[in-house]
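Residue strings, one per chain:
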Amino acid sequence: MPDGLTLAELVCTRICHDFSGPLGALNAAAELLADGTVDPREGASVVTEAAGALSRRLRFLRAAWGAGGEPMTPVDILELAEGVPGQGRVQIDLSALPEDAPLGPGLARTLLNAILLAGEALPKGGSIRVTANPAMGQVLLLPDGPNAAWPPGLTAVLGGAEAAPDPRGLAAPMTMAVAAAAGLEVSLALAPAGVPLLVIGVRPPPRRSGGATAA
């Protein structure tokens, strides 16, 4: 895992990158409108679309990376996931989760980060299927699409290795950091076919050293 300063630097760099697209489109449309070189209705449509994309992305990152948090239902998760970069080419399927079943703040934030991570596992688009294993207290994510593959280095990060200081690879260490703060653990499990499942579950209590003392 990166140290605190490195992680903060990666977050700042990644936010600037993720906001640059919508902000660039918004600025370009505003300049064209000011110059009178574009139809006002067309320009206003571009401004509205870019501002909406920026707002949705801000809401998602605030919920996933910001301090605090609150319980969320799967409906809340879906609404926030509209701000995931590249969301237009990725469908998120939460139909296996009860719509009105609230997820605790820690699990909700971890799931948002895991959805961002799973989206990066779908370079050509596809779907992210989210299911649950209530008996084990687990939430499972499976990215499904052409050339689906978890980002390089994820296995090493899950094993405790330090992530490379690359903003493009931020989703893996952030998912781990948010999960750890919530007392959760993240792992990979083999699936019947395709890429492995990402598993979010309660972290088991540490084993006590030594044996029991006889009375």
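This section reports on the structure supplied with the text.

1. Comments concerning the environment of L122
Within the fold, L122 resides in the loop between α4 (105–120) and β2 (126–133). A sequence separation of 82 residues divides L122 from P40, and the C-alpha atoms of the two residues are 37 Å apart. In this structure L122 touches R89, V90, S127, I128, P143, D144, G145 and A148, once residues within four positions along its chain are discounted.

2. Here's the deal with unusual backbone geometry
If you check the backbone angles, N147 has positive phi at about 60° while not being a glycine. You can see N147 is positioned in the loop between β3 (138–144) and α5 (154–158).

3. Points about the pattern of salt bridges
According to the stated counting rule, one finds 4 salt bridges in the structure shown. Between R14 and E120 there is a salt bridge, with its nearest N and O atoms 2.9 Å apart. Residue R14 is found in helix α1 (residues 4–35), and its partner E120 is found in helix α4; the two are separated by 106 residues along the sequence. With a relative accessible area of 8%, R14 lands in the buried category. A residue is classified by how much of its surface remains accessible, and E120, at 27% relative accessible area, is partly exposed. The network of salt bridges with shared partners includes R14, D18 and E120.

4. What to know about helix α6 (residues 171–181)
Because the α-helix completes a turn every 3.6 residues, residues three or four places apart line up on one side. Most of α6 sits out of view: 8 of its 11 residues are buried. Three or more residues of α6 are buried, namely A171, A172, P173, M174, T175, M176, V178 and A179. Buried residues along α6 sit in contact with α1, α2 (40–65), α4, α5 and β4 (184–189). Looking one or two places after α6, you find G183, whose phi comes out positive at around 75°.

Parameters and conventions
Residues numbered from 1 in each chain as written. Predicted model: local features only at pLDDT ≥ 70, side-chain atom pairs only at ≥ 80, totals over all residues. Heavy atoms only, no water. Helix = DSSP H or I, 4+ residues; strand = E, 2+ residues; numbered from the N terminus. Contact = heavy atoms within 4.5 Å. Salt bridge = Lys/Arg side-chain N within 4 Å of Asp/Glu carboxyl O. Buried < 20%, exposed > 50% of the residue type's maximum accessible area, 1.4 Å probe, protein only.

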